[in-house]
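Spelled out from the first residue to the last, the chains are:
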Amino acid sequence: MDLGLKDKVVLITGGGGGIGRATAQAFAREGAHIGLIDIDAEGLRDASDALAHNGTSVATAAADLATGEGVEHGIRSACEEFDGRLDVLINNVGICQSRSFDELTDADWARTLEVNLMSYVRATRVALPIMRSGGGGCIVNNASDLARQPEMAQPDYQASKVAVLSLTKSLALSEAPLVRVNAVAPGPIWTPLWTRPGGVAETLGKLHGMPQEAAVQHELSLRQLPLGRMGRAQEVADVFVFLASNATSFVTGSVWGVDGGSIRGLI
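A quick note: this is a predicted structure, and the numbers were derived from the prediction, not measured. (Residues numbered from 1 in each chain as written. Predicted model: local features only at pLDDT ≥ 70, side-chain atom pairs only at ≥ 80, totals over all residues. Heavy atoms only, no water.)

A. Representation of helix H8 (residues 212–223) in the model. Spanning 12 residues, H8 covers 17 Å between terminal C-alpha atoms, matching the ideal 16 Å at 1.5 Å per step. Residues of H8 that are buried: Ala215, Val216, Glu219, Leu220 and Arg223. Seen along its axis, H8 keeps its buried residues to an arc of 140°; they face one direction. Next to the buried residues of H8 lie helix H6 (192–195) and helix H7 (200–208). Within two residues after H8, Gln224 carries a phi angle of roughly 50°, on the positive side. (Helix = DSSP H or I, 4+ residues; strand = E, 2+ residues; numbered from the N terminus. Expected span 1.5 Å × (residues − 1). Buried < 20%, exposed > 50% of the residue type's maximum accessible area, 1.4 Å probe, protein only. Arc of directions from axis to C-beta. Contact = heavy atoms within 4.5 Å.)

B. View of the pattern of salt bridges. Under the defined criterion, the tally for this structure stands at 8 salt bridges. Residue Arg122 pairs with Glu114 through a salt bridge whose shortest N-O separation is 2.7 Å. When its relative accessible area of 17% is taken as the criterion, Arg122 is described as buried. Look at the salt bridges and you will find they share partners, linking Arg99, Asp108 and Asp156 into a network. (Salt bridge = Lys/Arg side-chain N within 4 Å of Asp/Glu carboxyl O.)

C. Looking closely at the sheet that holds strand E2 (residues 33–38). Pairing is parallel across the open sheet formed by 7 strands, whose spatial order is E3-E2-E1-E4-E5-E6-E7. For this open sheet the edge positions go to strand E3 (58–62) and strand E7 (255–258), each flanked by a neighbour on one side alone. On average, each strand axis in the sheet is inclined to that of its neighbour by 15°, with strand direction left out of account. Direction of pairing for strand E1 (residues 9–13) relative to strand E4 (residues 88–91): parallel, over a ladder of 3 bridges. Its bridge partner being in E4, Val10 is matched across the sheet by Val88. (Pairing = 2+ DSSP bridges. Axes fitted to C-alpha atoms, helices over the stretch in contact; angles between N-to-C directions.)

D. Summary view of the packing of helix H4 (residues 106–133) against helix H5 (residues 155–175). Close contact between H4 and H5 brings their axes to 8 Å; oriented N to C, the two are set at 20°. Overall, the two elements H4 and H5 adopt an arrangement that is roughly parallel. In terms of crossing hand, the pair formed by H4 and H5 is right-handed. On the side of H4, the interface is formed by Asp108, Trp109, Thr112, Leu113, Asn116, Leu117, Tyr120, Val121, Thr124, Leu128 and Arg132, while H5 contributes Pro155, Asp156, Tyr157, Ala159, Ser160, Lys161, Ala163, Val164, Leu167, Leu171 and Glu175. In the contact of H4 with H5, the residues fall into 13 nonpolar, 4 polar and 5 charged. (Parallel < 35°, antiparallel > 145°, perpendicular 65-115°, else oblique. Left-handed = near helix turned anticlockwise from the far one by under 90°. Nonpolar A, V, L, I, M, F, W, Y, C, P; charged D, E, K, R; others polar.)

E. Here's a closer look at the nonpolar core. One finds Leu11, Ile37, Ile75, Leu86, Leu89 and Ile139 to be the most contacted residues of the largest nonpolar core, which totals 37 residues. The contact partners of Leu86, leaving out residues within four places of it in the chain, are Val9, Leu11, Cys79, Ala127, Ile130 and Met131. Among the nonpolar cores identified, the runner-up in size contains 32 residues, and Ile19, Ala24, Ala26 and Leu36 belong to it. (Core = buried A, V, L, I, M, F, W, Y, C linked by side-chain atoms within 4.5 Å.)

Bear in mind that shape data such as this cannot, by itself, settle questions of function.
Have a look at this one:
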């Protein structure tokens, strides 16, 4: 199937690793030009080198996406490499730690919302005028199954992802028919979000008073995933590509679960 993504300019926030990097590789296989933004300069270099080695045209910008200045600088810098063009925006950057409600301070809530929600708002604010002037485009937001089926361990993260779903629905209405806006809602995906020091696995261990591996297994047992395993970044990346493609030209305002069956509700 020709997905119609050849020579499209795709910008991915949080593109230096995990789902972002896998998504860049998936778009590259379709012949797209790739722009990557991340605070992790080393991760960006590794991701960029791998793409360029395979002949992909790639631009990178190291930026702190928790700030308005970082978002503006990152997107403008990456788009400059492609003559200011932008066809697809993948809002993907995010942070998550497992903490009880009582542990969370105002600063914790603010930090989570700045990264997980406001980076999407700010990136979209910069991207939309470019897409409108270019005749259209597509935005896909990385949300979470926890936005639709919360658990106890990440109240701030979950609230930020609920807001991402609301933002997605609102933008799909306001930007139609030129720009389609959808969301992907992954379940537990084995990426650096989980594995890095201070990430989900380590903080789950502290929250539950268990070794990390036991805490992760406990969390999965709470989710009762029908597929019985954590997902892979590539499995999420493929859905990002599909939603940005011509194959979903009549899809906007939707939330696509890539969650191993964690969501059982009808709505």
